[in-house]
Amino acid sequence: MTYFQGNWYTIIKKHFIIVILLFIKALFILFLALFIFFISVEFRANIWEELTKYIFFPLVFFLTNYAIIKLVLGLIEHYNYLFIIKNDQIFVINCSLIMRDDIEVIDSFKIIKVDSFSRWFFSNIIWYWTIVIELQWNEETRSFTFMPKPYKLIRKLEEQRNQVLLDRKKKYIAVNTQDPQDIKPLEINVTDKISWILNVN
């Protein structure tokens, strides 16, 4: 399940194809390591002993550990990636063993264009695309790969954008009709906890 719908928020996880690709890459590297080990043992009599001892065996050891570590880190990063649409903001949480509490906050009011595209026929079959969010005021354009059900995500972003514009228009009208002395500054308290984002205490 890649979409988790709440009353006032939506949590989106990347497509499950990432897990399959991680296992395919790991199996390929392990197969390569096994092949090198087989060659070094089967034809050991015809290969220099120094070549087998100092190159082939260390290479097999390195490839085996690299495949396992790469798979574990990839799985941790995949299951800790969250794309959260909440009220007038978008939270992108990307945590792993290397990066912790890596949280990006995008103001929906700054979004001026949302595009989606796919480069392969296979991505159209299992329905995962790349979402591109263009921000105003010369800010960086953000790309999000392996996003599932792109049309559903774009529709939610458009609905959020329209709602933000409507709410800020109402606030602007309300502020201009108030006495300037009654207007209080906006206080923002930001933490790096997911529980704060979802208001789950």
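Residues numbered from 1 in each chain as written. Predicted model: local features only at pLDDT ≥ 70, side-chain atom pairs only at ≥ 80, totals over all residues. Heavy atoms only, no water.

J.: It is not clear to me how the packing of aromatic side chains should be interpreted in this structure. Could you clarify?
T.: In this description, a pair of aromatic rings is defined by centroid distance and the angle of the planes. In total, this model carries six aromatic pairs according to the counting rule given. A ring pair is formed by phenylalanine 37 and phenylalanine 57, whose centres lie 6.1 Å apart and whose planes are at 35 degrees; its orientation type is tilted. A residue pair is termed long-range when its members are at least 10 positions apart, and phenylalanine 37 in helix 1 (residues 17-42) and phenylalanine 57 in helix 2 (residues 49-79) qualify at 20 residues. What makes phenylalanine 37 partly exposed here is its relative accessible area of 39%. Taken together, the aromatic side chains of Trp127, Trp129 and Tyr151 make up a single cluster linked through ring pairs. For lysine 14, the ring lying beneath its charged end belongs to tyrosine 81, and the centroid distance is 4.5 Å. The ring of phenylalanine 109 is capped by arginine 161, whose NZ or CZ atom sits 5.6 Å from the centre of that ring. (Phe/Tyr/Trp six-rings, centres within 6.5 Å; stacked < 30°, edge-to-face > 60°. Helix = DSSP H or I, 4+ residues; strand = E, 2+ residues; numbered from the N terminus. Buried < 20%, exposed > 50% of the residue type's maximum accessible area, 1.4 Å probe, protein only. Lys NZ or Arg CZ within 6 Å of the ring centre and 35° of its normal.)

J.: Quick question: what am I supposed to make of the confidence of the model for the protein chain here?
T.: The predicted coordinates ought not to be read in detail in places where the model reports low pLDDT. Confidence in the prediction for the protein chain averages 81 pLDDT; 84% of positions are at 70 or higher. When pLDDT is averaged over each helix and strand of the protein chain, the minimum, 55, is found for helix 5 (residues 194-198) and the maximum, 93, for helix 1. Contacts of residues 183-193 to residues separated by more than four positions or lying in other chains number eight contacts, the stretch itself having pLDDT below 50. (pLDDT = per-residue confidence, 0-100. Contact = heavy atoms within 4.5 Å.)

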